[in-house]
Amino acid sequence: MTIGVMILCCTSQTFGQVPSGYDLWLGYGKIENVELLRQYEQAATSIYFQNNSEILEAAQKELKRGLGSMLDRAVDFTDSFSTANSMVIAKKAGLDKAIMKSVAADLDRIGKEGFVIKSVQLKDKDILVISANEDIGILYGVFRLLRFMQGHKTLSSISLVDAPKIAIRMLNHWDNLDRTVEHGYAGFSLWNWQKLPEYIDRRYIDYARANASIGINAVSLTNVNANALILTPMYLEKVRALAEAFRPYGIKVYLTARFSAPIEIGGLRSADPLNAEVQQWWNDKAEEIYAQIPDFGGFLVKANSEGQPGPQNYGRNHVDGANMMARALQPFDGKVIWRAFVYSEHDADDRAKQAYSEFVPYDGQFMENVLVQTKNGAIDFQPREPFHPMFGAMPNTPLMMEFQITQEYLGFSTHLVFLPKLFEEVLDADTYLKGKGSTVAKVIDGSLHDKKMTGMAGVANIGTDLNWTGHPFAQANWYGFGRLAWDPYLSSETIADEWIRATFSNDPKFVGPVRKMLLTSREAVVNYMNPLGLHHIFDTGHHYGPGPWVSELSRPEWNPTYYHKADEYGIGFDRTPTGSNATEQYAEPLRSMLNDPKTCPEEYLLWFHHLPWDYTLRNGHTLWDGIALKYQEGVDQVQDMRTTWKNMEPYISKAQHEEVWMLLEIQLKEARWWRDACLLYFQTYSKKELPEGVEKPTRTLEYFKSLKFLFAPGIRPRWD
Ligand code: BDP
C-alpha cells in the first residue's frame, strides 16, 4: 500500500488531526444545506450513465464518489434510458431524440473536448443532462458538475456549455530519474521508477484525476535537463505503464529528449541533425516508442541552453534540430515542444534580448508539429516580469506559454503566493502585434494568428508530500494553472473563489477574506522581494533568499549585480536606446511607453531604467524612499495575511489552521529578511537614511551575507 492510500484510510484513527490535504480540491464535502440537498437528491434519483469505455468508466467512478460523498449515501446508475431518469449522461450518439433537440446546437460548437450541462424539460419534468461529442467531454463535464455542486450552486435552469480554448494543457515535471526534483519543494518525484512498470501507485491515479478535473491533458514526466536513459527500452516500459494509468483521464505522456541521446544511448559518434544516421536513429526511436505508447505526445527539448547539448554543437540551428525530431514524430502525430529559454555567456548582449534575437529570425521555418515553448518573461520566472517580447513577434510559429508553478523564485513552498494573479497579468498583457487588443492570451490560444496547434505548460509543483505541493495553498497554483490553460480569459478572482469553496468551505465569512488574501499575496511577494521592477537578486543557484551582493560568479548574467546595477548614482537596468535597447523588441506604442520613465508602468521601472536615487516617483517619493517603502509594504501585507488567517480559525479544523499559521510565520520572517538584507545592501550605494515608516534592521549586512544554504531544497548540494 502506498503512503497516499495509507494516509487516506488512517487519517481519522491513527493520525487524528493531521491535515493531509491529500484530497486536494476533490474532497467533496457533505452538503448540509437542506434546500440544496433536496435539489441535488432530486437530480440524483435515477441516473442514466452510458458507460462503454475506460474514460467513461473513470467519469462514472468520479460521479459515484463525488455525489456519494456530498449526498452521504451510495449512488447507483442505470444503463438503460427511460423518461423516469432524473439525470442523463451520454454522448451525442447515445442521446434520446427529444433531449438531443435541446442540446444539438451546443454540441455543434464544443469540439472534441467540450461538454454541455443543461437542465432539459422532458414531459413536464426537468432532467439534468451532461453530454459531449467524445468520451473525454463527458469526463470533463462530470468534473464540472461536481465542482458546481461543491460551490453550492443551484441546479435549477443550469446551462453550462464549455470547451477548452487551448489544445495542449500540460504539466512539465522537472523530475530526475533518481527521484529528486529540480526546484521541487514538495518532496520527491511521484514516479517510482524502481517499482514501475508492475507497481501502479494509487497516487498516479489520483494525480490523473486531479489533472483531469481541471482539464490538464498532457504531462512531460522528466526534467528538461534531460537524462537520455529515459529513452532506453527499460525505462520506456515504465513510461508505458504510467501512460496506461493516465489514459482513462485523457492525459498524454511526453518525455524530455536529450539532444545527444544518439551518442549516449545509441552508440553513434555524433548527434548532428543533418547526419543521416542520426536522423534514422530518431526515426527508429519514435517508432519504438509509439509501438509501446500509441498516443505518446512527443518530445520536450531544452537544447543549447545552460550547457545542454543541441544542434549548435554541430554548427546547425534550432530549426535544424527541432525539424529533425519533428520529422521522426510526424508519422505518429507526435509533437516537438522546443524551448526558447536560451542565453549565452558568450553573447555580450543583454540576457533579456537573447532568446528573441535567436528565435525571431526563424519565424515560419519550423515544421507544423513544432511548438516553441517560451517562458512568460524574458529572464526567468521572476515574481514580476514584463511579458516575453517573443509573444509579440512570431506570428507564423505556434508559441506555447511556459509558466512556473513551482515557486523557485517565489519563496519555495513556504510562502503563500497565489500565482493565477501573475499568470493573468501576463495573459492580459497587450503585445500590440496587430494593434490594440493583441493580448498574449490571444497569441497563446491561437485566435490572433488563426492557429489550431496551441499550448500552455506549467512547471509542476508536485511531489510526494502528503498534500502534494508542500504548502496547502500551493495546491491553488496547480488548480489555477489548469483552469487558465483551459480558459486563459478566466479571472484570478473566479479561480480563487472556486478553489476555496472546493477545498475548504463555502461559508461567506471564510470565502471572502481568504479570497482577498489570495489575491493580494502575489503583490506582497513582489513588494518584499523585487519591488519596482527589480529582478533576479536572489542568492545564486538555489534562489533561496536575497543575494543582491553576489558578483563573483564566472558567468556575468548569473550575478545579481548584473541585473540591478546599483551604484552611487542610482539603480536599475537601462534597457532603453541609451542602454541595451531591449525595448526595441516590443511593438509600438508599447515601446515608446516603456522607453520613457514617466510613462513606463512603475512596476517595471527598474527593469527598463537606471535612475538616480532621488528620482521622483509618481507618488512624490524619491526612488530610494519608494523602494524602501515598498519593501516595508510587502512585510505589512504578510502581517495582514496573518491577521486574516487568525480570524479564520472557527471555519476549518484546528490542524488545518495551525499548519498555515506556522507557514505564514516563516513567510513573515523571510519577508523581513528580504527587506532588511536588500535595503542594507542598496543603502551602501544610496547612502541615505531609511524613510519614516520603514522598520530598522536588527541585523547587519555582514550577517545576511554570511548566510549559506548548502542544503536548500530543490537543488543538489554544492560544497564549494
Ligand atoms: C532556471 C532554473 C534551472 C532550469 C532552467 C530552465 O534555475 O534549474 O533548468 O530555468 O528552465 O530557472 O531550463
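Residue numbers here run from 1 along each chain, matching the order of that chain's written sequence. Reporting of local features is limited, given that this is a predicted model, to residues whose pLDDT is at least 70; pairs of side-chain atoms are given and counted only at 80 or more, and all residues count toward the totals for whole chains, interfaces and linings. Hydrogens and waters are ignored; side-chain quantities use all the structure's heavy atoms.

1. Remarks on the domain arrangement of the chain
Then, in step 1: One can read the domain layout of the chain as domain 1 (24–162), domain 2 (168–493) and domain 3 (527–573 + 610–706).
Then, in step 2: Inter-centroid distance (C-alpha atoms) of domain 2 to domain 3 is 31 Å.
Then, in step 3: Note on definitions: a residue-residue contact is assigned when non-hydrogen atoms from the two residues lie within 4.5 Å. Taken together, the contacts link 25 residues of domain 2 with 25 residues of domain 3.
Then, in step 4: Salt bridges are counted wherever a side-chain nitrogen of Lys or Arg sits within 4 Å of a carboxyl oxygen of Asp or Glu. There are 1 salt bridge connecting domain 2 and domain 3.
Then, in step 5: Its salt-bridge partner being Glu345, residue Arg555 comes within 3.4 Å of it at the nearest N-O pair.
Then, in step 6: Here a polar contact is recorded for every N or O atom pair within 3.5 Å, except that within protein the pair must consist of a potential hydrogen donor and a potential acceptor, and residues adjacent in sequence are included only if both atoms are side-chain atoms. At the junction of domain 2 and domain 3, the tally comes to 11 residue pairs in polar contact (both at pLDDT 80 or more).
Then, in step 7: Split into classes, the residues belonging to the side of domain 2 that touches domain 3 amount to 10 nonpolar, 9 polar and 6 charged. Either an automatic procedure or a domain database provided the assignment from which the domain bounds are taken. When residue character is reported, Ala, Val, Leu, Ile, Met, Phe, Trp, Tyr, Cys and Pro are called nonpolar, Asp, Glu, Lys and Arg charged, and the others, Gly included, polar.

2. Here's the deal with the packing of helix H6 (residues 202–214) against helix H7 (residues 233–246)
Relative orientation and spacing of two packed helices are given, respectively, by the angle between their axes and the distance between those axes.
Then, in step 1: Axes here mean lines fitted to C-alpha atoms, for a helix over just the part in contact, with angles spanning 0 to 180 degrees between N-to-C directions. Put simply, DSSP H or I for four residues or longer makes a helix, DSSP E for two residues or longer makes a strand, and each gets a number counted from the N terminus. In the contact formed by H6 and H7, the axes pass within 9 Å of each other and the chain directions differ by 50 degrees. Classed by the angle they form, the pair H6 and H7 counts as oblique. As for how H6 packs across H7, the hand of that crossing is right-handed. Contacts between H6 and H7 involve Tyr204, Ile205, Tyr207 and Ala208 from the first element and Leu242, Ala245 and Phe246 from the second.
Then, in step 2: A breakdown of the residues in the contact of H6 with H7 according to their chemical character gives 7 nonpolar, no polar and no charged. Should an angle lie under 35 degrees it is considered roughly parallel, over 145 roughly antiparallel, and from 65 to 115 roughly perpendicular; all remaining angles are considered oblique. Take the far helix as the reference: if the near one is turned anticlockwise from it by less than a right angle, the crossing is left-handed, and if turned clockwise, right-handed.

3. Some thoughts on the sheet that holds strand E11 (residues 335–339)
Then, in step 1: Read around the barrel, 8 strands follow the order E7-E8-E9-E10-E11-E12-E13-E14 and close on themselves; strand pairing throughout is parallel. For this sheet, the mean inter-axis angle between neighbouring strands, taken without regard to orientation, is 25 degrees.
Then, in step 2: Where strand E7 (residues 168–172) lies against strand E8 (residues 218–220), 3 bridges are found, and the strand directions are parallel. In the sheet register, Met170 faces E8, and the bridge partner there is Ala218.
Then, in step 3: Sitting on the sheet, helix H10 (residues 318–329) touches strand E10 (298–301), E11 and strand E12 (370–375), and the angle it makes with E11 is about 160 degrees. Strands are treated as partners if at least two bridges between them are detected by DSSP.

4. Quick look at H7
Then, in step 1: In a regular helix each residue adds 1.5 Å, so 14 residues correspond to 20 Å; H7 covers 20 Å between its end C-alpha atoms and thus fits that length.
Then, in step 2: When H7 is considered as a whole, its buried residues turn out to be Tyr235, Leu236, Lys238, Val239, Ala241, Leu242, Ala243, Ala245 and Phe246.
Then, in step 3: In the core, the buried residues of H7 are packed alongside H6, E8, strand E9 (252–256) and helix H9 (276–292). Working rule for helices: expected span equals 1.5 Å times residues minus one. Working definition: with a 1.4 Å probe on protein chains only, accessible area under 20% of the residue-type maximum means buried, over 50% means exposed, and in between means partly exposed.

5. Some remarks on unusual backbone geometry
What you tend to see is this: most non-glycine residues have negative phi, and most peptide bonds are trans.
Then, in step 1: Omega for the bond connecting Leu196 with Pro197 falls within 30 degrees of zero, at 5 degrees, which places this linkage in the cis form.
Then, in step 2: Positionally, Pro197 belongs in the loop between E7 and H6.
Then, in step 3: Following Glu588, the chain continues to Pro589 via a peptide bond in cis, the omega torsion being 5 degrees.
Then, in step 4: Tracing the sequence through the fold places Pro589 in the loop between strand E15 (570–571) and helix H18 (590–595).
Then, in step 5: Here the phi dihedral of Glu306 falls at roughly 45 degrees; this positive angle occurs in a residue that is not glycine.

6. Concerning the UniProt feature "domain: Glycosyl hydrolase family 67 C-terminal" (unreviewed entry) in the chain
Then, in step 1: UniProt positions are given in the numbering used here, feature names are shortened, and annotations may be inferred rather than shown by experiment. According to UniProt, the feature "domain: Glycosyl hydrolase family 67 C-terminal" (unreviewed entry) maps to residues 469–694 in the numbering used here.
Then, in step 2: Here residues 469–694 runs as 52% helix and 2% strand, with 34 Å between its end C-alpha atoms.

7. Re the site of the ligand
Then, in step 1: The near set for a molecule or strand comprises every residue that places at least one heavy atom within 4 Å of it. Among the 14 residues in the neighbourhood of the ligand, the closest are listed as Glu182, Lys302, Arg339, Asp380 and Glu408.
Then, in step 2: The side chain of Lys302 places a nitrogen or oxygen atom 2.6 Å from an oxygen atom of the ligand.
Then, in step 3: The side chain of Lys375 places a nitrogen or oxygen atom 2.7 Å from an oxygen atom of the ligand.
Then, in step 4: Under the convention used here, a 1.4 Å probe and the Shrake-Rupley method define accessible areas, while residue burial counts only the protein chains that appear. Relative to its unbound accessible surface of 320 Å², the ligand loses 94% to contact with the protein.

8. What about the environment of Pro248?
Then, in step 1: Relative to the helices and strands, Pro248 is located in the loop between H7 and E9.
Then, in step 2: When the C-alpha positions of Pro248 and Ile405 are compared, they lie 25 Å apart, and in sequence the two are 157 residues distant.
Then, in step 3: For Pro248, the contacting residues outside a window of four places in its chain are Glu54, Ile55, Ala58 and Leu139.

9. A few points about the sheet that holds strand E1 (residues 47–49)
Then, in step 1: The strand order across the open sheet formed by 6 strands is E2-E1-E3-E5-E4-E6, and the pairing between neighbours is mixed. With partners counted over all chains shown, the strands left at the sheet margins are strand E2 (77–78) and strand E6 (159–162), one partner each.
Then, in step 2: Two elements, strand E4 (residues 115–122) and strand E5 (residues 125–131), share 7 bridges in a ladder whose sense is antiparallel. When the bridges of E5 are listed, Val116 appears paired with Ser131.
Then, in step 3: Contacts from helix H4 (residues 97–108) reach strand E3 (87–89), E4, E5 and E6 within the one sheet, and its direction differs from that of E4 by about 150 degrees.

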